[in-house]
Amino acid sequence: MTPRTPRLSRLRRAVPEGRAGRPADVRGARPRRRGAQPKVVALGGGMGLSASLAALRRITGDLTAVVTVADDGGSSGRLRDELGVLPPGDLRKALAALCGDDDWGQTWARVIQHRFQSRGDLHEHAVGNLLIVALWEQLGDHVQALDLVGRLLGAHGRVLPMSAVPLELQALVRGHDPERPEEVDTVRGQATVALTPGEVQSVHLVPNDPPAVPEAVEAVLDADWVVLGPGSWFSSVIPHLLVPDLLDALIETKARRVLSLNLAPQPGETEGFSPQRHLEVLGRHAPKLALDVVLADEAAVPDRDSLTDAAKRLGAAVELAPVARPDGSPRHDPELLAAAYDRIFRMHGRIGPWR
């Protein structure tokens, strides 16, 4: 138990009654048979989290996404600058990933992902971003607004921001300026960090002690499984570990923790990283956090022994499974990823009913 546990307890008490779980009247969601399905919380942002959610909604009806809110590019960045709101883009992507495969779900997924093409101010704004921000302004409550969008879409799960304040991601980067390869500079902004030249040494958030959304903390503490990754390592995965109360919840929870690795290094922030290097970086940012399972695609692991050693230092076993799309692109296949998660939950989880 960490020194912040008393504050964490206050956060748990702050969750309004009836709001700690997925809304019961979500259209199209599969009803949860009490005691039959694992409660799963997935953390991340962008397309990596979307891939994980598209897989997880196939195997559990009790699913919560906790999404990073440090995006400062594109439509999200413009809305953030103009209105002072949380960046809605990654939240929108998570909601779209939770839409069902029926006509209702797929139609709404396309609608909220639709971007206007014009010569005016609406150019490249996503419909879902505008809808989310409009509801934030109408209701004055981030969580209530996202729950309402989820009901409209028939989302198979719940989407929560990791913090209720917009965050700035900053990185210490060695060799950001190619003419000064040994110097370390501060790079500001998630969009810039994601594509930075040079070697990212570490990242931090501004403010450096941001408040966690109480419902997100409660979901982590009440979960059976917590899934971290895949996704942009420094700009989507690690930021969750920089929110103190959320990190405390990840350490304190009795849930098992699975880390899903990327299929390939990301140009810019993790250029040249091996799978084990990803684990080492995560461990440096959250040295008290233990994991249970590290999931990787066998084709993306050239040195299994080194990955196994790195995972053991975090307390985890390595599970290798084919999770990539068959077209050879570095993208996860939802069905294959779902099968891998399902096997991990069964093999490493409890035997028999979950509750």
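Up top is the structure these notes are about.
We now turn to the structure provided with this report. Predicted model only: the values in this text are computed from it and were never measured.

**Let's talk about the overall build of the protein**
Move 1: Within the protein, the regular secondary structure consists of 14 helices and 10 strands.
Move 2: Counting only residues that meet the buried cut, the protein has 56% of its 355 residues in that class.
Move 3: Looking at the protein as shown, the accessible area adds up to about 15400 Å², and 51% of this sits on carbon and sulfur atoms.

**Some words on a negative patch on the surface**
Move 1: A surface patch of negative charge is lined by Asp72, Asp81, Glu82 and Asp121.
Move 2: Topologically, aspartate 72 is positioned in the loop between β2 (63-67) and α3 (74-83).

**Section: the pairing of strand β4 (residues 168-174)**
Move 1: Judged from the 7 bridges that link them, β4 and strand β6 (residues 199-206) form a sheet pairing that is antiparallel. Paired with glutamate 168 across the two strands is valine 206, which belongs to β6.

**Some details on the environment of lysine 93**
Move 1: Mapped onto the secondary structure, lysine 93 falls in helix α4 (residues 89-97).
Move 2: C-alpha of lysine 93 to C-alpha of glycine 45: the two residues are 48 residues apart in sequence and 8.3 Å apart in space.
Move 3: For lysine 93, the contacting residues outside a window of four places in its chain are Gly46, Met47, Ser50 and Gln113.

**Quick notes on the packing of α3 against helix α6 (residues 127-139)**
Move 1: Close contact between α3 and α6 brings their axes to 11 Å; oriented N to C, the two are set at 25°. The angle between α3 and α6 places the two elements in the roughly parallel class. Regarding α3 and α6, the two cross each other, and that crossing is right-handed. Counted together, Ser75, Ser76, Leu79 and Leu83 of α3 and Asn129, Leu130, Val133 and Glu137 of α6 form the full contact between these two elements.
Move 2: Looking at side-chain class alone, the contact of α3 with α6 contains 4 nonpolar, 3 polar and 1 charged residues.

**What about the sheet that holds strand β7 (residues 225-228)?**
Move 1: Read from one edge of the open sheet, 7 strands run β3-β2-β1-β7-β8-β9-β10, paired in parallel fashion. In the strand order of this sheet, the two ends are held by β3 (158-161) and β10 (317-320), each with one partner. When strand polarity is set aside, the average angle formed by the axes of neighbouring strands in this sheet is 20°.
Move 2: Taken together, the 4 bridges between β2 and β3 define a ladder with parallel strand orientation. Bridge pairing in β3 links valine 67 to proline 161.
Move 3: Sitting on the sheet, α4 is in contact with β2 and β3, with an inclination near 165° to β3.

**Considerations on α4**
Move 1: Among the 9 residues in α4, 8 count as buried, and that is most of the element.
Move 2: Those residues of α4 that fall on the buried side of the exposure criterion are Gly89, Asp90, Leu91, Arg92, Ala94, Leu95, Ala96 and Ala97.

**Some details on the sheet that holds β4**
Move 1: If you walk across this open sheet you meet the 3 strands as β5-β4-β6, and the pairing is antiparallel. Two strands in the sheet have a free side with no partner beyond their single neighbour: β5 (184-188) and β6. Here the average twist between neighbouring strands, direction ignored, is 25°.
Move 2: Looking at chain direction, β4 and β5 are connected through 5 bridges and run antiparallel. Pairing of leucine 172 across the sheet is with threonine 186, part of β5.

Cut-offs applied
- Residues numbered from 1 in each chain as written.
- Predicted model: local features only at pLDDT ≥ 70, side-chain atom pairs only at ≥ 80, totals over all residues.
- Heavy atoms only, no water.
- Helix = DSSP H or I, 4+ residues; strand = E, 2+ residues; numbered from the N terminus.
- Buried < 20%, exposed > 50% of the residue type's maximum accessible area, 1.4 Å probe, protein only.
- Areas by Shrake-Rupley, 256 points an atom, 1.4 Å probe, with all protein chains shown as cover.
- Patch = residues over 30% accessible without salt bridge, like charges linked within 9 Å, V, L, I, M, F, W, Y side chains within 5 Å.
- Salt bridge = Lys/Arg side-chain N within 4 Å of Asp/Glu carboxyl O.
- Lys, Arg positive; Asp, Glu negative; His and termini not counted.
- Charge placed at Lys NZ, Arg CZ, Asp CG, Glu CD.
- Pairing = 2+ DSSP bridges.
- Contact = heavy atoms within 4.5 Å.
- Axes fitted to C-alpha atoms, helices over the stretch in contact; angles between N-to-C directions.
- Parallel < 35°, antiparallel > 145°, perpendicular 65-115°, else oblique.
- Left-handed = near helix turned anticlockwise from the far one by under 90°.
- Nonpolar A, V, L, I, M, F, W, Y, C, P; charged D, E, K, R; others polar.

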